[in-house]
Amino acid sequence: MATATLLSSSFAMPAAARRAASSSSSTSLGFATSQLAGLSLSAGAATSTAVAPHPKRQLQPIVARRVCPFTDKKTNRANKVSFSNHKTKKQQFVNLQYKKLWWEAGKRFVKLRLSTKALKTIEKHGLDAVARKAGIDLNKK
């Protein structure tokens, strides 16, 4: 019974007394302490409880994407539909080919990875015109 009277007496405490007791116990921000690190969230303790930063991750090497530089064609996400009309996701990749094309202005061959659609466009309009329109500098390649 003694514990029941203690609990009931703590809840029966006036609001002004509860505020005075909570403000005198700590100068934390509001109601909480950090449950993750066990540190109190106080206004002035920002420098003393600083956590060490994570080490930087190393960058991954650049991998050639499946994108045609001339036409900007890229992988399409589509549904594979079965006979029972069950749909599952699939990827439709671009038909990219490595080709050595003769570049007339540079008087040399240029090795490019481009789509078959870009090959047809180059045959129709010429390598210089298509590269200029796509903003590609053939001197680098």
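Residues numbered from 1 in each chain as written. Predicted model: local features only at pLDDT ≥ 70, side-chain atom pairs only at ≥ 80, totals over all residues. Heavy atoms only, no water.

Under an unreviewed UniProt entry, the name given to the protein is Large ribosomal subunit protein bL28c, and the organism recorded is Dichanthelium oligosanthes. Taken from UniProt, the Sequence similarities (unreviewed entry) comment for the protein reads in full: "Belongs to the bacterial ribosomal protein bL28 family." (UniProt positions renumbered as here; feature names shortened; annotations may be inferred.)

Novice: For this particular structure, what's the right way to read the overall build of the protein?
Specialist: Each helix and strand in the protein was counted, giving 4 helices and 6 strands. The secondary structure elements of the protein, listed N-terminal to C-terminal, are α-α-β-β-β-β-β-β-α-α. For the protein, the residues scored as buried account for 13% of the 141 residues in total. Sequence separation of 24 or more characterises 33% of the internal contacts of the protein that already satisfy a separation of 6 or more. With an accessible surface of roughly 12,200 Å², the protein has 57% of that area assigned to carbon and sulfur atoms. (Helix = DSSP H or I, 4+ residues; strand = E, 2+ residues; numbered from the N terminus. Buried < 20%, exposed > 50% of the residue type's maximum accessible area, 1.4 Å probe, protein only. Contact = heavy atoms within 4.5 Å. Areas by Shrake-Rupley, 256 points an atom, 1.4 Å probe, with all protein chains shown as cover.)

Novice: Would you mind going over the pattern of salt bridges with me for this structure?
Specialist: Pairing between side chains of opposite charge can happen when the charged atoms of each approach one another. The full count for this structure, using the stated rule, is 1 salt bridge. Ionic pairing is found between Lys-107 and Glu-104, a salt bridge with its closest N-O pair at 3.0 Å. (Salt bridge = Lys/Arg side-chain N within 4 Å of Asp/Glu carboxyl O.)

Novice: How do you make sense of the packing of aromatic side chains when you look at a structure like this?
Specialist: What describes a pair of aromatic rings is the distance from one ring centre to the other and the angle between the planes of the rings. Summed over all chains, the structure comprises 1 aromatic pair. On the numbers, 5.1 Å between centres and 75 degrees between planes, the contact of Trp-102 with Phe-109 is edge-to-face. Trp-102 gets classed as partly exposed once you look at its relative accessible area, which sits at 42%. Over the aromatic face of Phe-93 sits the side chain of Arg-66, whose NZ or CZ is 4.0 Å from the ring centroid. The ring of Phe-109 carries Lys-100 above its face, with NZ or CZ at 5.8 Å from the centroid. (Phe/Tyr/Trp six-rings, centres within 6.5 Å; stacked < 30°, edge-to-face > 60°. Lys NZ or Arg CZ within 6 Å of the ring centre and 35° of its normal.)

Novice: For this particular structure, what's the right way to read the packing of helix 3 (residues 116-125) against helix 4 (residues 127-134)?
Specialist: A packed helix pair is summarised by two numbers, namely the angle formed by the two axes and the spacing between the axes. Their axes nearest at 7 Å, the elements helix 3 and helix 4 cross at an angle of 120 degrees. One element, helix 3, and the other, helix 4, form an angle in the oblique class. Taking contact as the criterion, the partners of Thr-121, Ile-122 and His-125 in helix 3 are, on helix 4, Leu-127, Ala-129 and Val-130. Here the residues of the contact of helix 3 with helix 4 sort into 4 nonpolar, 2 polar and no charged. (Axes fitted to C-alpha atoms, helices over the stretch in contact; angles between N-to-C directions. Parallel < 35°, antiparallel > 145°, perpendicular 65-115°, else oblique. Nonpolar A, V, L, I, M, F, W, Y, C, P; charged D, E, K, R; others polar.)

Novice: I tried to follow the environment of Thr-116 on my own but got confused; where do I start?
Specialist: Within the secondary structure, Thr-116 is located in helix 3. Counting along the chain gives 21 residues from Thr-116 to Asn-95, while the straight-line C-alpha distance between them is 6.2 Å. Apart from the residues within four sequence positions on either side, Thr-116 is in contact with Asn-95 and Gln-97.

Novice: Would you take a moment to explain the nonpolar core for this structure?
Specialist: Soluble globular proteins tend to bury their nonpolar side chains together. Core analysis: the largest hydrophobic core is formed by 17 residues, its most contacted members being Phe-70, Leu-101, Leu-112, Leu-114, Leu-127 and Leu-138. Put simply, the parts of the chain that give this core at least two residues each are strand 5 (96-103), strand 6 (108-115), helix 3 and helix 4. (Core = buried A, V, L, I, M, F, W, Y, C linked by side-chain atoms within 4.5 Å.)

Novice: Looking at this structure, how should I read the environment of Ser-84?
Specialist: Here Ser-84 lies in the loop between strand 3 (76-81) and strand 4 (87-92). Among the polar contacts made by the side chain of Ser-84, one reaches the side chain of Ser-82 at a distance of 3.1 Å. (Polar contact = N/O pair within 3.5 Å; in protein donor to acceptor, adjacent residues only side chain to side chain.)

Novice: How should I be thinking about the pairing of strand 5 in this particular structure?
Specialist: When a strand is regular, its side chains alternate between the sheet's two faces. Across 8 bridges, strand 5 lies against strand 6 in antiparallel orientation. The residue bridging Leu-96 from the neighbouring strand is Ser-115, located in strand 6. Hairpin connection from strand 5 to strand 6: 4 residues lie between these consecutive antiparallel strands, with Lys-107 at a positive phi of about 55 degrees. (Pairing = 2+ DSSP bridges.)

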